[in-house]
Amino acid sequence: MTLLSLLMVSFPEAIMVATLGFLLVGLKPWWRDLLIIGFLQAGFAYIIRFLPVPFGFHSILGIILFTLNIRLVTRLPYRIVILASLLGLIFYGSVETVAIQFMLHIKGFSLTEVWNYSFVRFLYFLPQALVMLIFIAACKIFNISLIGYTQDYSRLGRLSRQEIKNNLKADIVNRHNLVIFVVVLLPVLLLALLNMVFEAARLNIFPGEHFNIFNGVFGVFIIVLTVLSTVAVKKIGQYVEKDYEAKRAEENLKQIKQLIDSSRKQRHDFHHQLQTIYGLIEGGAYERARDYISRLFGDISKTGELIKTDNFSISAILYTKIGLAETRNIEMEIAVECSLKELPLTPHEASSLLGNLIDNALEAVEDNTGACRRVKVNITRAQGVFVIIISNTGKPIASEIRANMFKADFTTKKEHSGLGLAIVKDIVTKCRGNIEISSDAEITTLTVIIPLKK
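Residues numbered from 1 in each chain as written. Predicted model: local features only at pLDDT ≥ 70, side-chain atom pairs only at ≥ 80, totals over all residues. Heavy atoms only, no water.

> How do you make sense of the nonpolar core when you look at a structure like this?
Among the nonpolar cores identified, the biggest contains 48 residues, and Ala18, Phe22, Ile37, Phe66, Ile70 and Phe214 are the most heavily contacted of them. Counting residues per element, the ones that place at least two in this core are helix H1 (3-24), helix H2 (31-48), helix H3 (57-74), helix H4 (78-107), helix H6 (118-142), helix H8 (172-202) and helix H9 (208-282). Here this core takes 12 residues from H1, the largest share from any one element. Not counting residues within four places of it along the chain, the set of residues in contact with isoleucine 70 comprises Ala18, Phe22, Ile37, Arg75, Val81 and Ser85. Core analysis: the second largest hydrophobic core is formed by 40 residues, Leu318, Met405, Ile427 and Ile435 among them. (Core = buried A, V, L, I, M, F, W, Y, C linked by side-chain atoms within 4.5 Å. Buried < 20%, exposed > 50% of the residue type's maximum accessible area, 1.4 Å probe, protein only. Helix = DSSP H or I, 4+ residues; strand = E, 2+ residues; numbered from the N terminus. Contact = heavy atoms within 4.5 Å.)

Here it is as structure tokens:
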């Protein structure tokens with residue numbers, strides 16, 4: 001490799017790869033850093049070409065030195081450096097793989113001539129540089145970045161370099177996701193490298209034993225990637241589980257919001273009732289005031305009896321749903337015929353289970369245009385199990401809906417998450433319980449059986 005090749009190819013090549021890598025992780029590189037990275041990488045490339053190592057290992061060693069080069073110059077956290085290096089090298093390796101094959105076919109030069117003659121190498125480098133510049137311009141103009149959670153750092157304004165570095169070091173998300181990104185990105189880079197080595201072997205540019213050695217090293221990479229893939233799959237599973245737990249928490253918050261809204265409504269109604277009683281007393285209508293208080297007390301007592309249980313969370317959710325049914329002009333009957341102290345559900349699970357089942361029943365009744373709009377809730381205990389029966393009038397459930405109604409994200413209504421009954425199914429399955437459905441033209445019943453904890 002001549003000095004001319006270093007200046008015309010290796011130097012701009014390193015600058016473009018580093019620039020694209022930084023932009024793809026959402027960072028704006030400093031020009032001084034890019035120039036230093038370019039000079040150092042050109043020097044590394046010159047030294048590597050004279051090392052007595054099999055063909056292909058030059059590229060692997062160059063990738064490692066390129067990553068260390070960026071780390072040395074920028075002092076950014078290693079996880080940011082690795083991601084920027086991988087992304088930049090993947091794009092450049094893909095472009096180089098396509099561009100060289102195209103130019104070899106068009107111009108008729110051999111791969112050996114491309115590597116040995118500076119002018120030919122520069123000629124073949126031009127289309128690669130043009131494509132890379134297009135990528136870089138697109139990233140800058142349209143603010144394109146593949147790692148979305150680092151985009152905020154490009155909007156921090158005129159912060160000092162040290163302040164941005166400190167912010168990046170505090171970004172623990174990158175650290176947690178590094179294995180996943182490496183598992184996804186590294187095979188693409190290795191595939192581009194393997195393609196180049198295979199093409200060189202096909203053209204007999206280096207001895208066949210070099211390819212065998214390179215192939216053995218790739219076997220080691222496959223083993224390492226297999227281990228990392230196992231870890232990455234585990235992490236992805238954890239993220240999916242956390243995402244689902246967040247959605248469940250959102251459903252719980254929805255139930256709590258309904259409880260708060262119901263309490264506010266009751267407080268508002270009670271305030272007006274006190275005003276009515278005060279007005280009757282001030283007007284001397286004592287008999288009418290007494291009758292009004294008697295009727296009001298009777299309604300409150302009736303409601304209190306309906307929701308009287310020895311489980312506070314269940315009492316609260318039932319109280320909320322009664323108020324919700326009243327606002328929708330739905331008749332709701334509740335019967336709790338046993339103690340709930342041994343119910344094997346946490347307060348959140350109990351609220352989610354009953355809240356989603358009753359909400360589903362209320363929505364089914366609300367769609368009913370007939371005069372009969374009724375929901376019944378019955379909780380009993382028999383032979384070591386709790387039995388929760390929720391029935392409602394309304395249209396029967398079609399068989400195709402019944403087969404999918406407990407699947408996540410399945411819904412027949414607009415602006416619904418489709419998680420309510422899926423959460424119910426998860427809670428019941430966790431308790432080793434069972435759900436039974438019966439539906440006809442008159443009534444739909446869901447029976448939930450929850451065994452006692454042994």
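> What am I meant to see in the pattern of salt bridges here?
Opposite charge on two side chains permits pairing when their charged atoms draw close. Taken as a whole and judged by the stated rule, the model has six salt bridges. Close ionic contact of arginine 381 with glutamate 342 constitutes a salt bridge, the shortest N to O distance being 3.6 Å. Of this pair, arginine 381 sits in strand E2 (residues 374-382) while glutamate 342 sits in the loop between strand E1 (331-336) and helix H12 (347-366); the two residues are 39 residues apart in sequence, bridging distant segments of the chain. Its relative accessible area of 38% is what places arginine 381 among the partly exposed residues. The shortest N-O distance in the salt bridge between lysine 430 and glutamate 349 comes to 2.9 Å. Of the two residues, lysine 430 sits in helix H14 (residues 420-430) while glutamate 349 sits in helix H12, which places them 81 residues apart along the sequence. Given the relative accessible area of 62%, lysine 430 is considered exposed. By relative accessible area, which is 8% here, glutamate 349 ends up buried. Connected through shared salt-bridge partners, Glu331, Glu333 and Arg374 make up one network. (Salt bridge = Lys/Arg side-chain N within 4 Å of Asp/Glu carboxyl O.)

> What should I look at first to understand the pairing of strand E5 (residues 443-451) in this one?
One face of the sheet, then the other: side chains in a regular strand alternate in exactly this way. Bridge analysis of strand E3 (residues 385-393) against E5 gives nine bridges, and the strand direction is antiparallel. Looking across to E5, one finds that isoleucine 388 is bridged to valine 448. As judged from the six bridges shared by strand E4 (residues 434-439) and E5, these two strands associate in the antiparallel manner. Bridge pairing links asparagine 434 to isoleucine 449 in E5. Hairpin geometry of E4 and E5 is characterised by an intervening segment of three residues between the two adjacent antiparallel strands. (Pairing = 2+ DSSP bridges.)

> When you look at unusual backbone geometry in this model, what are you seeing that I'm missing?
If a residue is not glycine, its phi is most likely negative; likewise, a peptide bond is most likely trans. Even without being glycine, asparagine 329 reaches a positive phi, approximately 60°. Mapped onto the elements of the fold, asparagine 329 is located in the loop between helix H11 (312-327) and E1. Judged by relative accessible area, which is 65%, asparagine 329 ranks as exposed. One non-glycine residue, arginine 432, adopts positive backbone phi at about 60°. Inspection of the secondary structure puts arginine 432 in the loop between H14 and E4.

> So what exactly am I meant to see when it comes to the packing of H12 against H14 here?
Describing two packed helices takes the angle between their axes plus the distance from one axis to the other. Across the interface, H12 lies against H14 with an axial gap of 9 Å and an inter-helix angle of 135°. When the interaxial angle is binned, H12 and H14 end up oblique. You can see that H12 and H14 cross each other, and the crossing is left-handed. On H14, the residues that touch Glu349, Ser352, Leu353, Asn356, Leu357 and Asn360 of H12 are Gly420, Leu421, Ile423, Val424, Ile427, Val428 and Lys430. Partitioning the contact of H12 with H14 into residue classes produces seven nonpolar, four polar and two charged. (Axes fitted to C-alpha atoms, helices over the stretch in contact; angles between N-to-C directions. Parallel < 35°, antiparallel > 145°, perpendicular 65-115°, else oblique. Left-handed = near helix turned anticlockwise from the far one by under 90°. Nonpolar A, V, L, I, M, F, W, Y, C, P; charged D, E, K, R; others polar.)

> What's the story with a nonpolar patch on the surface in this structure? I'm lost.
Residues Tyr46, Ile47, Phe50, Leu51 and Val53 make up a contiguous nonpolar surface patch of about 440 Å² in total accessible area. For phenylalanine 50, the position within the fold is in the loop between H2 and H3. We classify phenylalanine 50 as exposed; its relative accessible area is 54%. (Patch = residues over 30% accessible without salt bridge, like charges linked within 9 Å, V, L, I, M, F, W, Y side chains within 5 Å. Areas by Shrake-Rupley, 256 points an atom, 1.4 Å probe, with all protein chains shown as cover.)

> Just to check I follow, could you spell out the environment of isoleucine 144 for this structure?
In this fold, isoleucine 144 is placed in the loop between H6 and helix H7 (161-169). The exposure class of isoleucine 144 is partly exposed, given its relative accessible area of 37%. Taking the C-alpha atoms as reference points, isoleucine 144 and valine 25, separated by 119 residues in sequence, lie 9.0 Å from one another. Those residues within four positions of isoleucine 144 in sequence are excluded, and the remaining contacts are Leu23, Ala138 and Cys139.

> Please clarify how the packing of H2 against H3 should be interpreted in this entry.
Running from N to C, H2 and H3 cross one another at 150°; their axes reach a closest spacing of 10 Å. In terms of axis orientation, H2 runs roughly antiparallel to H3. Between H2 and H3 lies a crossing whose hand is right-handed. From H2, Asp33, Ile36, Ile37, Leu40, Gln41, Phe44 and Ile48 reach across to H3, where they touch His58, Leu61, Gly62, Leu65, Phe66, Asn69, Ile70, Val73 and Thr74. Of the residues in the contact of H2 with H3, the class split is 10 nonpolar, five polar and one charged.

> Sorry if this is basic, but what is going on with the sheet that holds E4 here?
Across the sheet, five strands lie side by side as E1-E2-E3-E5-E4; this open sheet has mixed pairing. Since the sheet does not close on itself, it has two edges, and those belong to E1 and E4, each with one partner. This sheet shows a mean twist of 10° between the axes of neighbouring strands, independent of strand direction. Where H12 meets the sheet, it contacts E1, E2, E3 and E5, and its direction lies at approximately 20° from that of E3. Taken strand by strand, H14 contacts E4 and E5, and its axis lies near 135° from that of E4.

Worth remembering: the numbers are spatial, not functional.
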